[in-house]
Amino acid sequence: MKFDQSVWDDSDPDYAPGLKRNKARGTYFWAPPKKYKDAGYSIKTVRLDEPTDIARAARCRELTREMLDWYRGQETGRREGSWSYLIARYLSDEYSGIWDVRAGTRAQYKKELAKVEAVLGEVDILDTDFTMLMTVKKAMETKGRSTHYIKKWFTHFGLVVSHGVKIRQPGCDEVKAIRSEMRIKTPPRRTRFITREHVEKIVAEADRRGWWQLSVSVLIRFEYLLRGVDVHGEWSPVEDGAGGITHNGLQWDGGLTWEMVDPDLQHFEKVISKTRDSLPEPYLFHLIPEIKKRLANVPKEKRVGPVIAMEDGLPPRNGRLTKQFKTVAKAAELPEYLQIRDARSGGITEAKSMVDGYALRDAAQHTQITTTDIYARGRSETANNVVQIRQNARK
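What you see is a predicted model, and the numbers here were worked out from it, not measured in a lab. (Residues numbered from 1 in each chain as written. Predicted model: local features only at pLDDT ≥ 70, side-chain atom pairs only at ≥ 80, totals over all residues. Heavy atoms only, no water.)

Chemist: Outline the overall build of the protein, supporting the account with residue identities and numerical values.
Modeler: Each helix and strand counted, the protein has 17 helices and eight strands in total. Looking at the protein residue by residue over its 395 residues, the buried ones come to 41%. Here the analysis covers contacts within the protein between residues at least 6 apart in sequence; of these, 61% occur between residues at least 24 apart. (Helix = DSSP H or I, 4+ residues; strand = E, 2+ residues; numbered from the N terminus. Buried < 20%, exposed > 50% of the residue type's maximum accessible area, 1.4 Å probe, protein only. Contact = heavy atoms within 4.5 Å.)

Chemist: Give a detailed account of the confidence of the model for the protein, specifying residues and quantitative values.
Modeler: Across the protein, the average pLDDT comes to 85, with 86% of residues at 70 or higher. Every residue in residues 379-384 scores below 50 in pLDDT, and together they form five contacts with partners more than four places removed in sequence or on other chains. (pLDDT = per-residue confidence, 0-100.)

Chemist: Any chance you could break down unusual backbone geometry for me, citing the residues and the numbers?
Modeler: A positive phi angle is found at D10, which is not glycine, with a value near 55°. Positionally, D10 belongs in the loop between α1 (6-9) and β1 (19-22). The backbone of N318 shows a phi angle near 55°, a positive value even though the residue is not glycine. Structurally, N318 can be placed in the loop between α12 (289-295) and α13 (320-331). According to the relative accessible area criterion, N318 is exposed, its value standing at 60%.

Chemist: Talk me through the nonpolar core; I want residue IDs and the actual numbers.
Modeler: Grouped together as the largest cluster of nonpolar side chains are 39 residues, with contacts concentrated most on L214, Y224 and F325. Of all the elements in the fold, those that place two or more residues in this core are α9 (196-209), α10 (212-224), α12 and α13. Here the element with the most residues in this core is α10; it accounts for seven residues. Membership of the second largest hydrophobic core comes to 25 residues, among which are W83, I98, V136 and F157. (Core = buried A, V, L, I, M, F, W, Y, C linked by side-chain atoms within 4.5 Å.)

Chemist: Now, about the pattern of salt bridges: what can you tell me, with residues and values included?
Modeler: Side-chain pairing between opposite charges can occur once the charged atoms of the two side chains come close. For the structure on display, the rule yields 22 salt bridges. Taking the shortest distance from any N to any O, the salt bridge between R56 and D53 comes out at 2.4 Å. One end of the pair is R56 and the other is D53, both in helix α3 (residues 53-77) and three residues apart, which spans about a single turn. For R56, a relative accessible area of 9% puts it in the buried group. Across the pair D207 and R294 runs a salt bridge, and its minimum N-O distance is 2.5 Å. Separated by 87 residues along the polypeptide, D207 in helix α9 and R294 in helix α12 bring together distant segments of the chain. For D207, a relative accessible area of 34% puts it in the partly exposed group. (Salt bridge = Lys/Arg side-chain N within 4 Å of Asp/Glu carboxyl O.)

Chemist: So what's going on with the side chain of T64? Which residues, and what values?
Modeler: Looking at where T64 falls in the secondary structure, it is placed in helix α3. At a separation of 2.8 Å, a polar atom in the side chain of T64 contacts the main-chain carbonyl oxygen of C60. Residues within four places of T64 in sequence aside, it is in contact with F3, V7, P17 and W30. (Polar contact = N/O pair within 3.5 Å; in protein donor to acceptor, adjacent residues only side chain to side chain.)

Chemist: Got a sec to walk through helix α6 (residues 130-142)? Specific residues and values, please.
Modeler: With 13 residues, α6 should reach 18 Å at 1.5 Å per residue; the first-to-last C-alpha distance of 18 Å fits that figure. Buried residues of α6: L133, V136, K137 and M140, and no others. Down the axis of α6, the buried set is contained in an arc of 95°. They therefore lie on one face. α6 presents T131, K138 and T142 as exposed residues on the side facing more than 90 degrees away from its buried surface. (Expected span 1.5 Å × (residues − 1). Arc of directions from axis to C-beta.)

Chemist: So what about the sheet that holds β1? Which residues, and what values?
Modeler: Strands sit in the order β1-β2-β3 across an open sheet of three strands; the sheet is antiparallel. Each end of this open sheet is capped by a strand with a single partner; those strands are β1 and β3 (46-48). Strand-to-strand twist across the sheet, computed as the mean angle between neighbouring axes with direction ignored, equals 40°. (Pairing = 2+ DSSP bridges. Axes fitted to C-alpha atoms, helices over the stretch in contact; angles between N-to-C directions.)

Chemist: Residues and numbers for the packing of aromatic side chains, please.
Modeler: What describes a pair of aromatic rings is the distance from one ring centre to the other and the angle between the planes of the rings. Applying the stated criterion to the full structure yields nine aromatic pairs. Measuring from ring centre to ring centre gives 6.4 Å for F154 and F157, while their planes differ by 90°; the resulting arrangement is edge-to-face. Within this pair, F154 and its partner F157 are both found in helix α7 (residues 147-166), separated by three residues, close to a single helical turn. Comparing F154 with F157 shows no difference in burial state: the two are buried. A centroid spacing of 5.4 Å and a plane angle of 65° characterise the contact between Y224 and F285, whose relative ring orientation is edge-to-face. Taken together, the residues Y224 in helix α10 and F285 in strand β8 (residues 283-286) connect sequence positions 61 residues apart. Accessibility assignment for this pair places Y224 and F285 in one class, buried. (Phe/Tyr/Trp six-rings, centres within 6.5 Å; stacked < 30°, edge-to-face > 60°.)

Chemist: Give a description of the sheet that holds strand β6 (residues 250-253) that names residues and reports values.
Modeler: Sheet strands pair by backbone hydrogen bonding; their relative direction is either parallel or antiparallel. With respect to topology, three strands assemble into an open sheet ordered β4-β6-β5, the strand pairing being antiparallel. Of all the strands in the sheet, just β4 (234-237) and β5 (246-247) have a single pairing partner and so form its edges. Bridge count between β4 and β6: four bridges; the pairing is antiparallel. Counted as the bridge partner of S236 is Q251 from β6.

Chemist: So what's going on with helix α4 (residues 83-92)? Which residues, and what values?
Modeler: When you tally the buried positions in α4, you get nine out of 10 residues, the bulk of the element. Looking at α4, one finds that the buried residues are W83, S84, Y85, L86, I87, A88, R89, Y90 and S92.

Chemist: How would you explain the packing of α6 against α7 if you had to name every residue and give the values?
Modeler: The interhelical angle for the contact between α6 and α7, taken along N-to-C directions, is 150°, at an axis separation of 10 Å. By the criterion of interaxial angle, the relationship of α6 to α7 is roughly antiparallel. Classified by chirality, the crossing of α7 by α6 is right-handed. Counted together, L133, V136, K137, M140 and E141 of α6 and Y149, I150, W153, F154 and F157 of α7 form the full contact between these two elements. (Parallel < 35°, antiparallel > 145°, perpendicular 65-115°, else oblique. Left-handed = near helix turned anticlockwise from the far one by under 90°.)

Listed below in structure tokens is the structure:
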């Protein structure tokens, strides 16, 4: 979080960082941003009894300076030149790449980097060589860590190294060169996907149980090739200035809302979360009858907020939709390996043999056709289609 220079030089006497007001009581208080509370800052709130706005603003700047001084001490407490110190810099620097990703992704990064810090936190960057990194890799393999786990660990480690290169942290250029020469296996691609027959069974069982939110979610993901975050959204820790739907310290973002749906239920428009910066224009999706009739069951006066909401009126959280999917799939006697995320891959796979590859790329909201290919499964059938097309062309 960036603070105005007047925190330090009092150049703007009205600047009052952290100022809050309790409207019910008519009182004022100062509170530190979540970033600093999460870092362990013990002062949660300070009541402001100053009689004027100018005096309150001055007190807010004073309290903010104390907080920032404390935070600097915390950073330096992480010994400068260690990986722990650089990880802290990556998570807090104003121009770090951590701020270029969605809040939910940022929360995942923090979890993964905690694993990196647990292994290398106290190690000096300048002492990190090829042997040490290979020892770390071998230790993970010995513990039975999956290829996916190891790949993810080194990917997030690489993010920190790259940040170190950008800020000219000594030793990071050498570590980046070493990391680029290491062979880290890429996990095998997932080959499972949901077929149309699977979808029909899942939807029928979900409808029977009254879980319309699961039926609609699976149908939208399968028919429109949308990611889960673009259908039912995601929850992530509340950040400074967060608005919208919040619950127990979490904020909801990314999902389909009723304001995106045509009042007559003919279509919906959605800016795709993953590419909203590079492709800011919304996609227009025409509603198919199976989805339209389920949405029509929602009374018009309740068509506000998230489209996919659970019984408590909130979007799904704590894996509730995933749990419902597993329950339904088991009841429908479907393969245990199927996951709700396979619905999108199933839709892409079905479409692959029916439409032009570039049209499929656009429908899947990808920028590269090679990315679409990752989600298109059942390759042998597609290959046979190509052979048949070529044979027909020769006749």
